Amino acid sequence: MGTGQGRERTEAVVARARAAFAGGVLGTFALPDELAVIPARGQGSRLWDVDGREYIDYVMGSGPLILGHAHPAVVAAVAAEAAKGSHFYTPMNETALRLAERIVAACPCAESVKFVNSGAEATFAALRLARGFTGRDKILKFEGGYHGHHDYAQMSFTPQVPAEFPEAQPDSAGIPKVLAGQVLVAPFNDADAVEKIVRGHRDDLAAVIVEPLQREIPPQPGFLQALRAITTRYGILLIFDEVVTGFRLAWGGAQERYGVVPDLAAYGKVIGGGYPLAAVAGRREILALSDPARRRDPGYVCVTGTLNGSPVAAAAGLATLAELEKPGVYAALQAKGDRMRAAVEEMGRRYGLPIRGMGEGSIFVFHVVKDEIKDYRTLQAFADRAFHQQFGAELIRNGIFVYPGQKNYISLAHTDADLDQTLQVYDATFRKLTAKA
Ligand code: PMP
């Protein structure tokens, strides 16, 4: 595993990709050429690259693959559905309807559903629905929160020099300058700051959008409850971005786990079982604004797309949910995450590093920090970026595929033996990096 084999095929693909793609990559996840991993196939917790190297995968497609790669039930469902025709653009199809009914039954806020193709589209639609429903334009998001690549979401996700709250800082060029004025930014886990901003902008504010688990930072007890109370008090909608947490932190997602019900929620990743599918779900009267029968009404909100509700993606989602519904699944996912968090903290004590196991449930990452991380700024203040780059590079070289410094997604396919093997590599890596220091 890991080292040993040649890298000829990988190097050839990397060289061609440099010509075809900006930076030689599909999105924003880039690795140094010597660590490039070009997948040939995946099965369960493992992926194999084009030169035959084997990895235990903790990227897991950035979260959708909660059952692991190529789960037989998902593969069979997709194959059966695709054989019947991939796509129709009929007003409805039964496979998408079955998935919508499952989401409504599982997710506390979901009275009705609208399908889209990506998490970004889901948060975009949720924000547009909130504006349509309230008749107000502004939204409040949290510094360091990620809601996709669209113009309203690419604000103060990774500000280099944080501004004074609630000023928004665009994360990308090409966003109309006026939009920064439509987004207010607050610190995560600070209900007093939110209350102050909301009170000052109550007449303009349509919604507060939050990742209930912001990246790997858990909500402090009472924070989400406070958001619910503040938004209700001022007649503003509360949107949970459950693209990561939906059907992962619990069957009913973060809403179930933390006991707070928003007005709208965005779903993605797990509900598509590794295929392009996402959804906005929530209160019926809000979703009803997107009913095309209202097209001539001033309150009509357009949510549409050629491939929305793809039956093939919905079949993958349904097969995934059927596995997740089995008894003991969420306890098993929790136990795997808890094991990783406890093990890295124990290694920290042995190697004299202040390690914190972060994340919740099967989402896991560690940071080298003494003090509690409660928001973007406390995380930045201790930025262990260089350590993470070195640590991640060692993991990848030794057959553990990670996105250095980012969340690890543990799947149901990760066995105790996989975690044992992973932790041995972690141990050796901590030993090597602390010996060097
Ligand atoms: N919201 C959250 C919380 C996410 O983590 C992501 C993607 N990582 C998105 C939205 C956007 O989803 P997509 O990449 O499917 O557009």
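Residues numbered from 1 in each chain as written. Predicted model: local features only at pLDDT ≥ 70, side-chain atom pairs only at ≥ 80, totals over all residues. Heavy atoms only, no water.

What follows concerns helix H9 (residues 311-324). Compared with the 20 Å implied by 1.5 Å per residue over 14 residues, the 20 Å span of H9 between its first and last C-alpha is a close match. Summarising burial for H9: 13 of the 14 residues are buried, a large majority. (Helix = DSSP H or I, 4+ residues; strand = E, 2+ residues; numbered from the N terminus. Expected span 1.5 Å × (residues − 1). Buried < 20%, exposed > 50% of the residue type's maximum accessible area, 1.4 Å probe, protein only.)

Here we take up the packing of helix H5 (residues 191-200) against helix H6 (residues 223-234). As a packed pair, H5 and H6 sit with axes 10 Å apart at the nearest point and diverge in direction by 15 degrees. Comparing their axes, H6 and H5 come out roughly parallel. Note on packing geometry: the crossing formed by H5 with H6 is right-handed. Contacts between H5 and H6 involve Ala191, Val194, Glu195, Val198 and Arg199 on the former and, on the latter, Phe223, Ala226, Leu227, Ile230, Arg233 and Tyr234. In terms of residue class, the contact of H5 with H6 is built from 8 nonpolar, no polar and 3 charged. (Axes fitted to C-alpha atoms, helices over the stretch in contact; angles between N-to-C directions. Parallel < 35°, antiparallel > 145°, perpendicular 65-115°, else oblique. Left-handed = near helix turned anticlockwise from the far one by under 90°. Contact = heavy atoms within 4.5 Å. Nonpolar A, V, L, I, M, F, W, Y, C, P; charged D, E, K, R; others polar.)

All right, on to the environment of Val113 then. Inspection of the secondary structure puts Val113 in strand E4 (residues 112-116). The residues touching Val113, leaving out its near neighbours within four places in the chain, are Ala100, Ile103, Val104, Ala279, Val280, Ala281 and Leu287.

What follows deals with the site of the ligand. Neighbouring residues of the ligand: Ser118, Gly119, Ala120, Tyr146, His147, Gly148, Glu211, Arg215, Asp241, Val243, Val244 and Lys269. Contact distances for the ligand include 3.3 Å between a nitrogen atom and a backbone N or O atom of Tyr146. For the ligand, whose unbound accessible area comes to 390 Å², protein coverage reaches 80%. Residues of the shell around the ligand, tallied by class, amount to 4 nonpolar, 4 polar and 4 charged. (Near = heavy atom within 4 Å. Polar contact = N/O pair within 3.5 Å; in protein donor to acceptor, adjacent residues only side chain to side chain. Areas by Shrake-Rupley, 256 points an atom, 1.4 Å probe, with all protein chains shown as cover.)

Along its sequence, the chain is carved into domain 1 (8-70 + 327-436) and domain 2 (72-324). Each of domain 1 and domain 2 has a C-alpha centre, and the two are 26 Å apart. Between domain 1 and domain 2, the residue contacts involve 30 residues of the former and 37 residues of the latter. Linking domain 1 with domain 2 are 2 salt bridges. Residue Arg377 pairs with Glu143 through a salt bridge whose shortest N-O separation is 2.8 Å. (Domains from an automatic or database assignment. Salt bridge = Lys/Arg side-chain N within 4 Å of Asp/Glu carboxyl O.)

A few words on the sheet that holds strand E8 (residues 237-241). The 7 strands lie next to each other as E4-E10-E9-E8-E7-E5-E6, forming an open sheet whose pairing is mixed. Edge positions in the sheet fall to E4 and strand E6 (183-186), since each of these pairs with one other strand and no more. In this sheet, adjacent strand axes meet at a mean angle of 20 degrees when their direction is disregarded. Relative to E6, strand E5 (residues 138-142) runs parallel, the two being bridged by 4 bridges. Across the sheet, Lys141 pairs through a bridge with Val185, a residue of E6. In the packing of helix H3 (residues 94-106) onto the sheet, the strands contacted are E4 and strand E10 (278-282), and the crossing angle to E4 comes to about 130 degrees. (Pairing = 2+ DSSP bridges.)

To continue, consider the nonpolar core. Counting residues in each nonpolar core, the largest one holds 67 residues, and the members touching the most others are Ile103, Leu140, Phe142, Val198, Phe247 and Leu324. If you tally residues by element for this core, the top one is H9, at 8 residues. Built from parts of two domains, this core gets at least three residues from each of domain 1 (8-70 + 327-436) and domain 2 (72-324). In terms of nonpolar packing, the next biggest core, distinct from the first, is built from 32 residues, Phe366, Phe387, Phe391 and Phe401 among them. (Core = buried A, V, L, I, M, F, W, Y, C linked by side-chain atoms within 4.5 Å.)

Okay, the pairing of strand E2 (residues 46-49) next. A regular strand carries its side chains on alternate faces of the sheet. Burial along E2 is two-sided: Arg46 and Trp48 facing one way and Leu47 and Asp49 facing the other are all buried. Connecting the antiparallel pair strand E1 (residues 39-43) and E2 is a turn made up of 2 residues, with Gly44 showing a positive phi of about 60 degrees. Note that E2 and strand E3 (residues 54-57) share 3 bridges and pair antiparallel. Each bridged residue has a counterpart across the sheet, and for Trp48 the counterpart in E3 is Glu54. A loop of 4 residues connects E2 with E3, the two strands running antiparallel in sequence, and Gly52 in this loop sits at a positive phi of about 90 degrees.

What follows concerns unusual backbone geometry. Omega for the bond connecting Phe165 with Pro166 falls within 30 degrees of zero, at 5 degrees, which places this linkage in the cis form. In this structure, Phe247 is a non-glycine residue whose phi angle is positive, near 60 degrees. Here Phe247 is to be found in the loop between E8 and helix H7 (253-258). On the accessibility criterion, Phe247 (0% relative accessible area) is buried.

With respect to topology, 3 strands assemble into an open sheet ordered E11-E12-E14, the strand pairing being antiparallel. Two strands close off the open sheet at either side, each with one partner strand: strand E11 (355-358) and strand E14 (408-409). The pairing of E11 with strand E12 (residues 363-368) spans 4 bridges and is classified as antiparallel. Across the sheet, the residue bridging to Gly357 is Phe366, located in E12.

Let's shift gears to the packing of H3 against H9. Contact geometry for H3 and H9: axes closest at 8 Å, N-to-C directions at 40 degrees. It follows that H3 is oblique to H9 by the angle criterion. Where H3 crosses over H9, the two elements pack in a sense that is left-handed. Touching Thr95, Ala96, Arg98, Leu99 and Arg102 of H3 are Pro311, Ala314, Ala315, Gly317, Leu318, Leu321 and Ala322, all from H9. Here the contact of H3 with H9 is built from residues that sort into 8 nonpolar, 2 polar and 2 charged.

Moving on, we come to the environment of Gly272. Residue placement: Gly272 occurs in the loop between strand E9 (264-267) and E10. Separated by 124 residues in the primary sequence, Gly272 and Ile396 place their C-alpha atoms 27 Å from one another. Ignoring any residue separated from it by four or fewer positions in sequence, one finds Gly272 in contact with Leu277, Ala313, Ala316 and Gly317.

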